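A structural walkthrough
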Amino acid sequence: QVRLVESGGGLVQPGGSLRLSCAASGNVFRIIGGKWYLLPPGKPRGFVAVISSDGQTNYADFVQSRFTISIDAAVKTGYLQLNSLGYEETDNYSCNMNIGAFAASSPVDYWGQGTQVTVTR
């Protein structure tokens, strides 16, 4: 069984930074790739960033080079570094990781539980 646990959200002032973490545990051989989404209540999820198995990254237009997605294979954790945050980035952020498990024939996508980011004075 695989579990993703997110952390790093919280309160931050406009212009501030946070680093979100998405730690994989359980039957995890390696994290192959990952994505981060916004999950606003009652609305469709919004794409934020993706990192592929070869390390290529892509971001939503609103990110404008302020965010950085990464994976640390040694600790089986994905990250989303948020810089220069504005009020409009207040939201619930969720990770989606493509994970290869031991003895599994193909990788599977798993979701974290979400972590709230609130930008406020």
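Scroll up for the structure.
These remarks concern the structure in this document. (Residues numbered from 1 in each chain as written. Predicted model: local features only at pLDDT ≥ 70, side-chain atom pairs only at ≥ 80, totals over all residues. Heavy atoms only, no water.)

1. Considering the pattern of salt bridges
In this structure the tally under the stated criterion is one salt bridge. Of the charged contacts, one joins Arg66 and Glu89 as a salt bridge, the two residues approaching to 2.8 Å between their closest N and O atoms. Of this pair, Arg66 sits in the loop between β6 (57–59) and β7 (67–72) while Glu89 sits in the loop between β8 (77–82) and β9 (91–100); the two residues are 23 residues apart in sequence, bridging distant segments of the chain. (Salt bridge = Lys/Arg side-chain N within 4 Å of Asp/Glu carboxyl O. Helix = DSSP H or I, 4+ residues; strand = E, 2+ residues; numbered from the N terminus.)

2. Observations regarding the environment of Leu18
Mapping Leu18 onto the fold places it in strand β3 (residues 18–26). By relative accessible area, Leu18 is classed as buried at 14%. Residues Leu18 and Gly112, spaced 94 residues apart in sequence, show a C-alpha to C-alpha distance of 17 Å. Dropping the residues within four chain positions of it, Leu18 is found in contact with Gly8, Gly9, Gly10, Val12, Leu80, Gln81, Leu82, Leu85 and Val117. (Buried < 20%, exposed > 50% of the residue type's maximum accessible area, 1.4 Å probe, protein only. Contact = heavy atoms within 4.5 Å.)

3. Considerations on the state of the cysteines
Evaluation of the coordinates by the stated rule reveals one disulfide. Linked covalently through their sulfurs, Cys22 and Cys95 form a disulfide whose S-S length is 2.0 Å. Its S-S torsion of approximately 60° makes the covalent link between Cys22 and Cys95 right-handed. With Cys22 in strand β3 and Cys95 in strand β9, this pair connects stretches of sequence that are 73 residues apart. Judged on exposure class, the residue Cys22 and its partner Cys95 are both buried. (Disulfide = S-S within 2.5 Å.)

4. Quick notes on the pairing of strand β5 (residues 46–51)
Relative to β5, strand β4 (residues 30–38) runs antiparallel, the two sharing five bridges. Bridge pairing in β5 places Leu38 opposite Gly46. In this sheet, β6 lies alongside β5 in antiparallel orientation, the contact comprising three bridges. Residue pairing for β6: Ala49 is matched across the bridge by Tyr59. (Pairing = 2+ DSSP bridges.)

5. Describing the nonpolar core
Residues Trp36, Leu80 and Leu82 are the most contacted members of the largest nonpolar core, which totals 27 residues. Secondary structure elements with two or more residues in this core: β1 (2–7), β3, β4, β5, β7, β8, β9 and β11 (115–119). Leave out the neighbours within four places in its chain, and Leu80 touches Leu18, Arg19, Leu20, Trp36, Val48, Ala49, Phe67, Thr68, Ile69 and Tyr93. (Core = buried A, V, L, I, M, F, W, Y, C linked by side-chain atoms within 4.5 Å.)

6. Focus on the sheet that holds β3
Each strand in a sheet pairs with its neighbour through backbone hydrogen bonds, running either in the same direction (parallel) or in the opposite one (antiparallel). The antiparallel open sheet is built from four strands, whose spatial order is β1-β3-β8-β7. If you trace the sheet from one side to the other, it starts and ends with β1 and β7, each paired once. Each strand axis lies, on average, 15° off the axis of its neighbour in the sheet, ignoring direction. Note that β3 and β8 share six bridges and pair antiparallel. Across the sheet, Cys22 pairs through a bridge with Gly78, a residue of β8. (Axes fitted to C-alpha atoms, helices over the stretch in contact; angles between N-to-C directions.)

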